[in-house]
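# Reading the structure
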Amino acid sequence: MDNTDSNKKGISPGAAIVVAGVLIAGAIIFTNSSKSPSQNTNEVVEKNTISLSELAEKAGVNKKDFDSCMKERKGLAKVNADADGGEKAGVQGTPASFIVAKNGTILSINGAASYADVKEKLDQVLASTARLAESEDIEVPAITADDRYLGNINADVVIIEYSDIDCPFCKRFHPTMERIAQEYGSKIAWVYRHFPLDSLHPEARTKAEATECVAQLAGNEVFWRYLKTLVVN
């Protein structure tokens, strides 16, 4: 059988080798691009260090100390602890928030709820001295000294938000919670906890670690100022 006949019935040996090589190369590229963000976290940290460092310095944090904190990943434990707590509470997407009252009431706030929706639920909880009948059976980890908060941490009602800094819905929800925190003042506390969605936002965990480095180095107030710069960008 000559080459003409073989070409009619199938691919030539030489072409088969070329095609196989292309398929293997494609498989390698696909495998590398499919790695979970957690496997490439150090690359993400290196990529973002300059901009995050500059923003930290503008917020009033010593740049050298911040860079050291990021290099040693001193914020990672807090970020992981927040995320683990969120999983126990059943969080799957962000933002996921919970109104938690000392009387035992727990009400969830789904997604980027409107100011009116948050206010309605909050007022309902604040007006009751007893556990509401519609209280949900959710295990939200208790407030600790490591939590980042605005308002009165000892208030009878606390809103705990699990959030991803790069999540567009979280960015939309942030001003709503800022308004709630400002208007209710010492009546409540707004607690911010990290829940980076690595598969959707591969840089969110690094940014979360950056906010925790800022908190460790400069305190709660600077944490919130720095967080806002990341959320609005």
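Look up a bit, the structure's there.
All values derive from a computational prediction rather than experimental measurement.

Viewed as axis vectors pointing N to C, helix α4 (residues 63–72) and helix α8 (residues 204–218) meet at an angle of 130 degrees, and their least axial separation amounts to 9 Å. Judged by the inter-axis angle, α4 sits oblique to α8. Pair α4 / α8 crosses with right-handed handedness. Along its contact with α4, which presents D65, F66, C69 and M70, the element α8 presents T206, E209, A210, C213, V214, Q216 and L217. Residue classes in the contact of α4 with α8 are distributed as seven nonpolar, two polar and two charged.

Our next topic: unusual backbone geometry. Cis geometry is adopted by the peptide bond preceding P95, which originates at T94 and carries an omega value of -5 degrees. In this fold, P95 is placed in the loop between α5 (76–88) and β1 (96–101). Within the chain, R73 stands out as a residue other than glycine whose phi angle is a positive 55 degrees. Note on placement: R73 falls in the loop between α4 and α5. Judged by its relative accessible area of 21%, R73 falls in the partly exposed class.

Here we have five strands laid out as an open sheet, ordered β2-β1-β4-β5-β3, and mixed in their pairing. The open sheet has two edge strands with one neighbour each: β2 (106–110) and β3 (148–151). For this sheet, the mean angle separating the axes of adjacent strands, direction not counted, is 20 degrees. Note that strand β4 (residues 157–163) and strand β5 (residues 188–194) share seven bridges and pair parallel. Looking at β5, one finds that I159 is bridged to W190. Strands β3, β4 and β5 of the sheet are contacted by α5, whose axis makes an angle of about 105 degrees with β5.

Another point: the nonpolar core. Within the largest apolar cluster, 41 residues are counted, with the highest numbers of intra-cluster contacts made by F66, I99, L122, I159, I180 and Y226. By residue number, the principal contributor to this core is helix α9 (residues 220–232), which donates seven residues. Setting aside chain neighbours within four positions, we find Y226 in contact with L52, L55, A56, A59, F66, A210, T211 and V214. A89, V158, V191 and F195 belong to the second largest nonpolar core, which has 15 residues in total.

Attention now goes to the pattern of salt bridges. For the coordinates displayed, the defined rule picks out eleven salt bridges. Linking E209 and R73 is a salt bridge whose minimum nitrogen-to-oxygen distance equals 2.6 Å. Separated by 136 residues along the polypeptide, E209 in helix α8 and R73 in the loop between α4 and α5 bring together distant segments of the chain. Its relative accessible area of 1% is what places E209 among the buried residues.

Here β5 lies mainly inside the structure; seven of its seven residues are buried. The alternating pattern of β5 places I188, W190, Y192 and H194 and A189, V191 and R193 on opposite faces, both of which are buried. Of the pairings in the sheet, the one linking β3 to β5 comprises four bridges and is antiparallel in character. Residue pairing across strands places Y149 opposite V191, the latter belonging to β5.

As a further point, take the packing of aromatic side chains. With the rule as written, the count across this model stands at seven aromatic pairs. Relative to Y226, the ring of F66 lies with its centre 6.3 Å away and its plane at 65 degrees, an arrangement referred to as edge-to-face. In this pair, F66 sits in helix α4 while Y226 sits in helix α9, placing the two residues 160 residues apart along the sequence. Residue classification places Y226 among the buried residues on the basis of a relative accessible area of 0%. Both rings, one in Y192 and one in W224, keep their centres 6.1 Å apart while their planes meet at 80 degrees; by these two values the pair is edge-to-face. Here W224 lies in helix α9 and Y192 lies in strand β5, a separation of 32 residues in the sequence. One aromatic cluster in this structure is built from W190, Y192, F223 and W224. Sitting above the plane of the Y115 ring, R179 keeps its charged end 3.6 Å from the centroid.

Rules used in this analysis
- Residues numbered from 1 in each chain as written.
- Predicted model: local features only at pLDDT ≥ 70, side-chain atom pairs only at ≥ 80, totals over all residues.
- Heavy atoms only, no water.
- Axes fitted to C-alpha atoms, helices over the stretch in contact; angles between N-to-C directions.
- Helix = DSSP H or I, 4+ residues; strand = E, 2+ residues; numbered from the N terminus.
- Parallel < 35°, antiparallel > 145°, perpendicular 65-115°, else oblique.
- Left-handed = near helix turned anticlockwise from the far one by under 90°.
- Contact = heavy atoms within 4.5 Å.
- Nonpolar A, V, L, I, M, F, W, Y, C, P; charged D, E, K, R; others polar.
- Buried < 20%, exposed > 50% of the residue type's maximum accessible area, 1.4 Å probe, protein only.
- Pairing = 2+ DSSP bridges.
- Core = buried A, V, L, I, M, F, W, Y, C linked by side-chain atoms within 4.5 Å.
- Salt bridge = Lys/Arg side-chain N within 4 Å of Asp/Glu carboxyl O.
- Phe/Tyr/Trp six-rings, centres within 6.5 Å; stacked < 30°, edge-to-face > 60°.
- Lys NZ or Arg CZ within 6 Å of the ring centre and 35° of its normal.

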